[in-house]
Amino acid sequence: MSMNVDLSVDIGGLRLRNPVMPASGTFAEGLEKVMDFNRLGAFVTKTITRELRTGNPLPRVVEQPGSLINAIGIPSKGVPYFVNTTLPHYRPFDTPLVVSISAPTSEGFASLAAELSAVPGIAAIEANISCPNIEEDGKAFAMRADSTERVTKALRAATHLPLWVKLTPNTGNVPEIALAAEASGADAVVVSNTILAMAIDLKTFKPSLGNIMGGLSGAAIKPIVLRQVFQCARAVRIPVIGCGGISTAEDAVEYMLAGASAVQVGTATFLQPAAMTTIIDGLRTFCMRREIARVTDLVGGVVIEEADEPDLAWVDPVAAS
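Quick caveat: nothing in here was measured; it's all calculated off a predicted structure.

A. Here's a closer look at the sheet that holds strand β5 (residues 61-64). The strand order across the open sheet formed by four strands is β5-β6-β12-β11, and the pairing between neighbours is antiparallel. Bordering the open sheet on either side are β5 and β11 (195-198), each of which pairs with just one other strand. Strand-to-strand twist across the sheet, computed as the mean angle between neighbouring axes with direction ignored, equals 35°. Sheet topology places strand β6 (residues 67-70) next to strand β12 (residues 213-217); three bridges connect them, and they run antiparallel. Note that in β12 the partner of N70 across the bridge is G215.

B. Structural context of a nonpolar patch on the surface. A surface patch of nonpolar side chains, amounting to about 620 Å² of accessible area, comprises L196, M198, I200, L202, I212 and M213. A residue is classified by how much of its surface remains accessible, and M213, at 41% relative accessible area, is partly exposed.

C. Examining the packing of helix α6 (residues 249-258) against helix α8 (residues 275-289) more closely. Axis separation between α6 and α8 bottoms out at 8 Å; the angle between their running directions is 65°. Taken together, the axes of α6 and α8 lie roughly perpendicular to each other. The two elements α6 and α8 cross, and the hand of that crossing is right-handed. Listed contacts from α8 to A249, A252 and V253 of α6 are I279, G282, L283 and F286.

D. Region of the structure containing the sheet that holds strand β3 (residues 20-22). What the eight strands build is an open sheet, ordered β3-β14-β13-β10-β9-β8-β7-β4; its pairing is parallel. The open sheet has two edge strands, β3 and β4 (43-44), and neither has a second partner. Of the strand pairs in this sheet, strand β13 (residues 240-243) and strand β14 (residues 262-265) are connected by three bridges, and their pairing is parallel. Bridge pairing in β14 links I241 to A262. Contacting β7 (97-101) and β8 (124-128), helix α2 (residues 106-117) crosses the sheet at an angle of about 155° to β7.

E. Structural context of the UniProt feature "binding site: FMN" (unreviewed entry) in the protein. Residues given the UniProt feature "binding site: FMN" (unreviewed entry) here are S24, K46, T47, N128, K166, G218, G244, G245, G266 and T267. Looking at where K46 falls in the secondary structure, it is placed in the loop between β4 and β5. With relative accessibility at 48%, the residue K46 sits in the partly exposed group. Among residues more than four places away in sequence, those in contact with K46 are S24, G25, F27 and S100. Within the fold, G244 resides in the loop between β13 and α6. The residues touching G244, leaving out its near neighbours within four places in the chain, are G218, I221, K222, V225, Y255 and Q264.

Reading guide: rules and limits
- Residues numbered from 1 in each chain as written.
- Predicted model: local features only at pLDDT ≥ 70, side-chain atom pairs only at ≥ 80, totals over all residues.
- Heavy atoms only, no water.
- Pairing = 2+ DSSP bridges.
- Helix = DSSP H or I, 4+ residues; strand = E, 2+ residues; numbered from the N terminus.
- Axes fitted to C-alpha atoms, helices over the stretch in contact; angles between N-to-C directions.
- Patch = residues over 30% accessible without salt bridge, like charges linked within 9 Å, V, L, I, M, F, W, Y side chains within 5 Å.
- Areas by Shrake-Rupley, 256 points an atom, 1.4 Å probe, with all protein chains shown as cover.
- Salt bridge = Lys/Arg side-chain N within 4 Å of Asp/Glu carboxyl O.
- Buried < 20%, exposed > 50% of the residue type's maximum accessible area, 1.4 Å probe, protein only.
- Parallel < 35°, antiparallel > 145°, perpendicular 65-115°, else oblique.
- Left-handed = near helix turned anticlockwise from the far one by under 90°.
- Contact = heavy atoms within 4.5 Å.
- UniProt positions renumbered as here; feature names shortened; annotations may be inferred.

Structure, rendered in structure tokens:
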């Protein structure tokens, strides 16, 4: 059986050939040896900061069943290095380049976005607001709606590029934060960053990570983030990009049925470097088998059946939260 499947998606004004891209921090230039970069929906860079950062103390990564905990700490060589050394690697490809940025203050985010928006070859900004906010006593911007609103407004005023805001799963009401980002000018939200976690070494009784706590990623977090994507997609009108434990085409389809317009792949790339192109091929095959002409037809397609008994009725998690 053969049919043409339209895999293209529109994410806040940025047209992608398909909905599959790397998660920030999990992708490097060397992967061009194992996959065709022109097949990806987008590139998403490692998060860059204005200040030079060496990252967290070792050890930085610990394996867990079906997952990883990492405390890398956003090492960064700064903006000039990114513009002069990293960016040229991506210029030969016609895949849109999304630059992930981080800063400790709203003003810092805005100035970084403004500077990068003037650099040719950058298609969109992904603001990683899951990082500590000096203005809020070290709490991540995305922990609260008011700090999310403040930083997103500053970013929106600073850039004409499509603005994606990456949220944290470590807050009780992710849809409320997504709504604040949307109201303040975000073109899309990425749901989500890693889940705060820790592990203890039973030989030494010390934390397994040099930073004590880190971010849990991989298959273990998929059901949690899938639920958050579902909630956010019901709350906002802008696109939601799903990110958390996606390693197969079936995972990507689940996220799209839950309401994601696109997906980011992270930990799976460490296990299988060509995971993203395998997922793209699998998405096309899935749509062909189900006779789905456009991958966008999957978005929000989850079937929710009303219960006959009012007492058993499904509770809207957005309204209930």
